[in-house]
Every structure is written in structure tokens, then in C-alpha cells.
Amino acid sequence: MAEQQEPVHMTVRPNGPLRVEGRIILKDADGKEWDLSGKPAVSLCRCGLSEKRPFCDGSHARAEWKCAASPGNMTGK
Ligand code: FES
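Computed from a predicted model, the values in this text were never measured in an experiment.

J.: In this structure, what is going on with the overall build of the protein chain? I would like to understand it.
T.: The number of helices and strands found in the protein chain is one helix and three strands. When its helices and strands are written in sequence order, the protein chain yields β-β-β-α. Computed over C-alpha atoms, the radius of gyration of the protein chain comes to 14 Å, more than 25% over the 11 Å expected from 2.2 N^0.38 for 77 residues, which places it beyond the range of a compact globule. Along the first, second and third principal axes, the C-alpha set of the protein chain runs to 45 × 30 × 20 Å. Every one of the 77 residues in the protein chain was classed for burial, and the buried ones make up 23%. In the protein chain, of all internal contacts separated by at least 6 residues, the share reaching a separation of at least 24 is 29%. Accessible area for the protein chain stands at about 6300 Å²; split by element, carbon and sulfur atoms hold 51% of it.

This is the structure we're talking about:
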């Protein structure tokens, strides 16, 4: 019987990062992986202002970056 895998959950945080929960493998364009061992979740920068991209460092809040994307608001503004 094939092993069932839990889905990865991604949450678009209001005016903030993408919160990714679950077993993920994060690679750069060359296939080099970030070490996420022991991390049940990560927050990925969505605003482009983080000094630790691809991870969120809280810069979105300091810059008062606004983006309220949701399925009912496909423009993401
Ligand atoms: S979303 Fe947090 S620093 Fe970009």
C-alpha cells in the first residue's frame, strides 16, 4: 500500500509572508537545498523587502507593506 503523505499547507498571511507548514524541500534555481531540518513551518517573503530572502524577516511590517490577497480578491491589492 502506498504511503499517504500529508499535504503541505500554505497560508497567505494578510500584509505578510506565505506561511508554509509541512514537510517541504526548498531549493534555489540550481537545485541547492536550504536546510529546513527540524522546522515544521517556514515563512516565505512575499513583499520582496526581506534581507533574508526567501525567508520573511519582518521587514513587511516595518515598511507597512499592504497586500490582502484572498480567493475572493484575485488582484491581491
Ligand atoms: S513578507 Fe515579511 S519581509 Fe517580506
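What follows picks up the thread again.
J.: How should the nonpolar core be read in this particular structure?
T.: For soluble globular proteins, nonpolar side chains are generally found buried alongside one another. With six residues, the main nonpolar core is built from V20, L26, L36, V42, L44 and F55. Apart from residues no more than four positions distant in its own chain, V42 is found in contact with L18, R19, V20, I24, L36 and F55.

J.: Explain the pattern of salt bridges to me, please; I cannot follow it from the model alone.
T.: A side chain of one charge can pair with a side chain of the opposite charge if their charged atoms are brought near each other. Counting across every chain of the model gives one salt bridge. In this structure, the salt-bridge partner of D57 is R62, at a minimum N-O distance of 3.9 Å. The exposed category is assigned to R62, whose relative accessible area is 61%.

J.: How should the environment of A68 be read in this particular structure?
T.: Mapping A68 onto the fold places it in the segment after helix 1 (59–62). Taking the C-alpha atoms as reference, A68 lies 27 Å from K27; in sequence the two are 41 residues apart.

J.: Explain the pairing of strand 3 (residues 41–44) here, please?
T.: The two faces of the sheet receive side chains in turn, since in a regular strand these alternate between them. Residues A41 and S43 point to one face of strand 3 and V42 and L44 to the other, with burial holding for every one of them. Two elements, strand 2 (residues 18–21) and strand 3, share four bridges in a ladder whose sense is antiparallel. Across the sheet, E21 pairs through a bridge with A41, a residue of strand 3.

J.: What is the right way to read the state of the cysteines from this model?
T.: Simply put, the disulfide is a covalent bond whose two ends are the sulfur atoms of two cysteines. Taken as a whole and assessed by the stated rule, the structure comprises zero disulfides. The closest cysteine sulfur to the non-disulfide-bonded C67 is located on C47, 10 Å from its own sulfur.

Reading the values: the criteria
Residues numbered from 1 in each chain as written. Predicted model: local features only at pLDDT ≥ 70, side-chain atom pairs only at ≥ 80, totals over all residues. Heavy atoms only, no water. Helix = DSSP H or I, 4+ residues; strand = E, 2+ residues; numbered from the N terminus. Rg over C-alpha atoms; globule rule 2.2 N^0.38 Å. Buried < 20%, exposed > 50% of the residue type's maximum accessible area, 1.4 Å probe, protein only. Contact = heavy atoms within 4.5 Å. Areas by Shrake-Rupley, 256 points an atom, 1.4 Å probe, with all protein chains shown as cover. Core = buried A, V, L, I, M, F, W, Y, C linked by side-chain atoms within 4.5 Å. Salt bridge = Lys/Arg side-chain N within 4 Å of Asp/Glu carboxyl O. Pairing = 2+ DSSP bridges. Disulfide = S-S within 2.5 Å.

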